[in-house]
Structures are given as structure tokens and as C-alpha cells.
Amino acid sequence: MKRALILLLILLTTACARSPQGVPLEPVDPFARTIYHNGSVLTMEAGRSVVEAIAVRGEKIEAAGTDAEILALADESTTLIDLAGRTLMPGFVDAHTHLLNDARSRNMSLDQAQAQALRNGITTLGTLYVDERFLGEIRDFADAGFLRVRTGLYLVATDPCGNTLGNWWREHPPTNTPGEMLRINGVKIFTDGGSCGRVALSFELEPGWGLGDLWFTQEELNALVAEVDAAGYQAAVHAIGDRAVHQALNAIEAALDGRPNDLRHRMEHVSVIAPDDLPRFGELGVIPVLIGEYPGCTPYGPPIPEEFGSWEWPWRGLRETNPGLSLAWHSDVPFQSLNPFDHLLGFVTRIDLAGRAVCPPFTWLEENTLSVEQALAIMTIGSASALNRETEVGSLAPGKYADFIVLANDPLAAEPARLAENQVLLTVAGGRVEYCSNGHPDLCPGFANRAPALLPDLRPPLFVRWLVLALLVFVPPAAMLARRRHPQPIRLLGGLTGLVGGLAWVFNLNQQAWLDDSAFFILILLPAFFFSLAAAGLAAVSPPGRLSGFGLWLSVLGAGAMSVAGVLSDWFRIDAGWFLLMIGILSHTIGLLLFGIANLRTRALPRWNGLPLLIGLFGGLVPIVAGILLGENADWPLMMLFGVLGGGWGLLAWQLLSRSKG
Ligand SMILES: [Zn+2]
């Protein structure tokens, strides 16, 4: 009863609706003028790319030019900021990130996530995995006036494994109001592996690997892109391998049918491109969205065979083959660094950094690097085009929004290998100071960084957490020890908890559909606690043979460790939870196997004597082995097998209950 109450309590606290947290955008006086002068101002405008000063009026840029030109605009109410020679440039535009849509799974509020973007100088971004739940969340956040980073949304038409998610996106039409903080840009389509399965290449990365996964036939993809196009959305097509890139270009070409690409259908990642496909980006006007930071230190897989080296990350080839085309940048956080300077370093040198490690690139990669000017243009105005915001942001021109940053060092003067050492000192978005590095009050007089709103802490009070942890640790061994003197109640307890645990486990297998990720631990691991008690109940049935006794103790402690892991990571936020979880599953499984073997000999259970062995084998051991061999791509079969564990425990518990009656 007590445990049922705890479960109910947890369900209630985690299922509670969360209202957005943040601070509304403060109004900007449309006549207030600030002049930033005596600097090196990179405008990203053709023709006059480096000037000395800019004037900001209200939310927008009033003028950019020489100190003399701009200071002439000043009157007695103007705020003057002396840049003291420092570099000022447009805020970075990250055309494809998961910083916001992934915030909750990293235990961050949307406000904390956007504060991270602003600290890193990112003032506009595209959110590339928007499902219905996140759409509601970000809309609430923006409606409350809390959104401080210009955000473009891409609604998912398929999941990363290419399964279509229906056309739910049709109910949320694209928007295009100048200056809106939140925009629905388009629809995201996955065409090959990378996030799920393998990328689709024309060659094998290693003998026996095959050519990777294409999720659609050409006809299917043509139909999907044509549907998105006809409905007036921009298509953002994930294509990593050259076969996927080729297929996606074909599909966009077919959908356009000779029309210009006014909706700006774009392509994500494009890591490997066959030489013949390079000019097609320009011909079709498809904006390729590129990563800067090459994963040299933490490669995704085996390197490309050298004869295809020039196909990998051919950014210079893309730039030179398509001179009129915008190229865009994406950090793809959390898969790559959030820090734009890591990406700038990658674009220019292909060097990757990981802590103190410096990972130099293959020679073929060096042949496809870009200049600092080219890279910065990609990371600002080019990415703004990919988000259909180039008339609003991305360069410093009169009439555009005052979204800009001040840097510690001038990237145009930096030694290439040290480009990542740069720092953002000031971030201004829409004329508001959003971030100012400590120690530079001269850049932001009177401004204090605000502390972003945290996720509401829904954990119970500390003494309750300790109490629950103590119960989880002591109750199962106590039941195990009490079984000799009170076999009947222990059997009953074991049967009931086993049933509840088994059913809850099976039910939880699709928990993501009805609860958010943060409830994962507690909802998977509370059943583990029930398994632990159920194993103690089994001990009250079985003869205390040495092997079966040892197996049951192991099972009790293993499942107990799983549930302790859940409480530690969910309520105490201690990372060792994962480690404990793995040990717990393994020892619970081995314990079940041992008991199963003993039970086949002694036939302690009235029916289905082989059941403990089978659930240990198929519910425990097979998922662990498959998990190690197949990695995350094995989700579905693993879930089925874990279902065996839950369902099997339900059956075992049923036996216990009938045994305790008879
Ligand atoms: Zn992504």
C-alpha cells in the first residue's frame, strides 16, 4: 500500500503540467540611441565589410560607417560605447541545433538553454526536431514574451529512422512576419542514417558494412518533398551520405519542376557529396547546411577510404562551384560543440579540439578548408538565408535588427590554429544587452547578467528522498531474511509486487509516449524494486538449496541496485546511477539464471518450471548482449525482450500467488 502510494505520488509530480519560466522581454525605447565606435566592425555586407562604428536606435541598426560619420549622429541623450579597437560583428546564426528542443532531456529550462546560446554569441537559430509536444512548449514560452533568441522551427515529418509521423504539421502553417521571434519555417525529413542506422554511401566504409540505409525510394521521397513544397513549407532534408544527397537533390528538382527555389528547400549535413552533384546545389538554389567542427578527436565511425577523400566535407568545392549560393552553418548541438569558435576553427583548419587534445585533419580535408571571411559569412548571413531571415539579421546594415556581438580577439587577424581561443564579451539582440562578460562593464554600463529561470524542482523534500532511498535499500533484504519465519506473507508480498512490477515494466516500455523523458529513471526503476521484493517472495517458495538461494539473493540485490540507481540519478542527481543500473540489471539477470537452473532440478514452482531461466535468458541476458553488439539501433527488439522480463515476472508472480493460496 505504502509503495503504491509512492508510485502514485511520483506519477502525479512528474505528470504535472509545467508552465514556462522566464523573464519577459523588456520594451526598448524606439528613440534611444547607442553608438559603438573606435572598433573593427565586421558588417558582413558586400562592399563595405569593415567599418569603425555603428549606431543602434531602438531595436534596429541606424547606421554603420567611420567614427566621424557615426559620431556625427550623437546628441546629448546618446550612449557612447568605446570599443577600444575590439571587433564587433553580427550575432552568430545557428541554422540547425537541438539546444532548445533537447533542453529538457539535459535538465535545462528553455530559459537556461537560450541563455547558453546568447553567452556563445548565437542570436538566431533553427530548431530542427520539433514534434507536437515541443511545439506547444516553445509556443507557450514565446507567447509569454520569454523568447530572446530568434527561433525558426522545423516540424518533423519523419523520425530519424525514416518512419513517417503523419502530416500533423499541416495543422501548423508556416509563418513569415518580419521580426517575429518565433517562426514556423518548414518541415524536416530524414532520408538516410546517421542518427539511426548508417549513412547511405556509394562505397563501403569497411568490408562487409554495406552501403548504408536509405529510408525511401526515389518515388517515395519525391512524393514527400512535393507534398511539403505544395503546402508552402520549406523542406529541410537530412542527407549525410552521397547517395542520400543525390536522392534529395533529385527530389527537390522534381518538386520544383523548373520553378526557382523560392521556399528555400535546404539540405542538412551533406557530409559526403559526389563531384557531379556539387554544381546542382547552385543550379537548384538548395542551401547546404554545414558543420564547422570536424569530429577529428571523436570520429563517428571509420574514416572514408582515401580515394573518396575529396568527396568528404567538400566545403571549398561547394563554395567555388556555386559562387552565388548561400551556404549555411549548423552546430547540431548536442552532437557537436555549442561554441561557434570551435566551428570557425574547423571551417578554416579542420583541426578538432577535445580538452587538451589537438586532432589534426587528414590531408584531403585540409584541401577543402575555407578562409575566415568565408566561414564567418556562412555562420552569419548565409545561415540567416537558410532561416529566411537575411532581411532581418545576419549582417549589420541600417534597418536590420541590432543583433551583434563584441569579441575579445579579431578573428581576421588571428593565427588560424588559435581561432577557437576567442571569446564573446558582449551579446546584443534586438537592441537589448543579453549577455556581458564579467570584467567588461565599459561595454555594458549599468547592465547585470540575469540568472536564467531554472526548471521547477519537483523533487520531494530531502528527508523524503532519504527515506525512500533507505526503504529501497533495506526492505528487500529484510524480506529475504524474514522469509523463513513468515513464508506466507512474504510469498503474498512477492506475488503482488511481482505482478505490479511486471505490468508496470511492460507499461513503461512506451512511457515516452505519455510522460516526458525526465520521468524515465523513476518509472523504469520502481518496477525493478518490485522485482526485488518478488524475488524475495520466490525465496519463500523454493527450498533453500545453495544455488537457488544464491541466485535469489543476487536477483534481490541486483534489482534493488537498479531502483537505487533510479533514485540517485533522478532525485539526488548523482551520475553514478547509470553504472549502478548496468551492474543491477546484470546481477538480477544472472541471479534469475542461477535460480532457474536450480528450479529445473528441484521443481519448487508448481507450474512452468523453466520460466525463471527463460526470463533471465531472454528478458535479461539477450538485451544486454544485443545492446552491446547493436548499440542504440536495437531499440525495438530490445524493448520486446525487456517486455519478456516484465511479462515473465508477471507470470512468475501469478504462480507465487496461487502457491500462497494453496
Ligand atoms: Zn540535427
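None of these values were measured; they are calculated from a predicted model. (Residues numbered from 1 in each chain as written. Predicted model: local features only at pLDDT ≥ 70, side-chain atom pairs only at ≥ 80, totals over all residues. Heavy atoms only, no water.)

1. What about the coordination of the zinc ion?
A four-donor tetrahedral metal ideally has 109.5 degree angles, and a six-donor octahedral metal ideally has angles of 90 or 180 degrees.
Here is step 1: Coordination of the zinc ion by the protein is provided by H96 (NE2), H98 (NE2) and D332 (OD), with metal-donor distances spanning 2.1 to 2.2 Å.
Here is step 2: Sequence spacing of the donors to the zinc ion: H-x1-H-x233-D. Taken together, the residues span a long stretch of sequence, with H96 in strand β8 (residues 92-97) and D332 in the loop between β15 (328-329) and α9 (340-349) at a distance of 236 residues. The burial state of H96 is the same as that of D332; both residues are buried. (Donors = N, O, S within 2.8 Å, 3.2 Å for Na, K, Ca; no water. Helix = DSSP H or I, 4+ residues; strand = E, 2+ residues; numbered from the N terminus. Buried < 20%, exposed > 50% of the residue type's maximum accessible area, 1.4 Å probe, protein only.)

2. Let's talk about the nonpolar core
Here is step 1: With 88 residues, the main nonpolar core has F92, L153, I189, M267, F281, L344 and F347 as its most contacted residues.
Here is step 2: If near-sequence neighbours (up to four positions away) are discounted, F347 is found in contact with L290, I291, G292, W315, W329, T369, L370, A375, I378 and M379.
Here is step 3: If you look at the next biggest cluster of nonpolar residues, it comprises 44 residues, including I490, A528, V567 and L568. (Core = buried A, V, L, I, M, F, W, Y, C linked by side-chain atoms within 4.5 Å. Contact = heavy atoms within 4.5 Å.)

3. Here's the deal with the state of the cysteines
Here is step 1: Under the defined criterion, the tally for this structure stands at three disulfides.
Here is step 2: Here C297 engages in a disulfide with C359; their sulfurs sit 2.0 Å apart. Around the S-S axis, the bridge from C297 to C359 shows a dihedral of about 110° and counts as right-handed. Remark: C359 occurs in strand β17 (residues 357-359) and C297 occurs in the loop between β14 (287-290) and α8 (315-321); sequence separation between them is 62 residues.
Here is step 3: Judged by its relative accessible area of 15%, C359 is buried.
Here is step 4: Linked covalently through their sulfurs, C436 and C444 form a disulfide whose S-S length is 2.0 Å. Negative torsions about the S-S bond denote left-handed disulfides, and the value of about -80° found for C436 with C444 makes this one left-handed. (Disulfide = S-S within 2.5 Å.)

4. Details of the packing of helix α3 (residues 110-119) against helix α4 (residues 132-143)
Here is step 1: Between α3 and α4, the least distance of the axes is 11 Å, while the angle of their chain directions is 75°. Comparing the axis directions of α3 and α4 gives the class roughly perpendicular. Contacts between α3 and α4 involve L110, D111 and Q114 on the former and, on the latter, F134, E137, I138 and F141.
Here is step 2: Of the residues belonging to the contact of α3 with α4, the class tally is four nonpolar, one polar and two charged. (Axes fitted to C-alpha atoms, helices over the stretch in contact; angles between N-to-C directions. Parallel < 35°, antiparallel > 145°, perpendicular 65-115°, else oblique. Nonpolar A, V, L, I, M, F, W, Y, C, P; charged D, E, K, R; others polar.)

5. Structural notes on the environment of V500
Here is step 1: Its place among the elements puts V500 in helix α13 (residues 487-508).
Here is step 2: We classify V500 as partly exposed; its relative accessible area is 39%.

6. With respect to the environment of L641
Here is step 1: Summarising the element assignment, L641 is placed in helix α18 (residues 635-661).
Here is step 2: Among the residues examined, L641 registers a relative accessible area of 18% and is labelled buried.
Here is step 3: Taking C-alpha positions, L641 is 18 Å from G558, a pair spaced 83 residues apart along the chain.

7. As for α3
Here is step 1: Burial analysis of α3 places eight of its ten residues in the buried class, the great majority of the element.
Here is step 2: Burial in α3 covers these residues: L110, D111, Q112, A113, Q114, A115, A117 and L118.
Here is step 3: Those residues of α3 hidden inside the fold are in contact with β9 (122-130), α4, β19 (424-429) and β20 (432-436).
Here is step 4: With its phi angle positive at about 80°, G121 sits one or two positions after the end of α3.

8. Focus: the side chain of D229
Here is step 1: Mapped onto the fold, D229 is located in helix α5 (residues 218-230).
Here is step 2: A distance of 2.7 Å separates polar atoms of two side chains, one belonging to D229 and the other to H265.
Here is step 3: Not counting residues within four places of it along the chain, the set of residues in contact with D229 comprises A255, L256, R259, L263 and H265. (Polar contact = N/O pair within 3.5 Å; in protein donor to acceptor, adjacent residues only side chain to side chain.)

9. Comments concerning the sheet that holds β9
Here is step 1: Within the open sheet, the eight strands sit side by side as β8-β9-β10-β11-β12-β13-β14-β15. Their pairing is parallel. Of all the strands in the sheet, the pair left with one neighbour each is β8 and β15.
Here is step 2: In terms of strand pairing, strand β12 (residues 234-239) meets strand β13 (residues 266-269) through four bridges, oriented parallel. In the strand pairing of β13, H238 is matched with E268.
Here is step 3: Helix-sheet contacts for α4 involve β9, β10 (150-156) and β11 (182-190), and the interaxial angle to β11 is about 165°.
Here is step 4: Packed on one face of the sheet, helix α11 (residues 372-386) meets β8, β10, β12, β13, β14 and β15 and runs near 60° to β8. (Pairing = 2+ DSSP bridges.)

That's the geometry; what it means functionally is another story.
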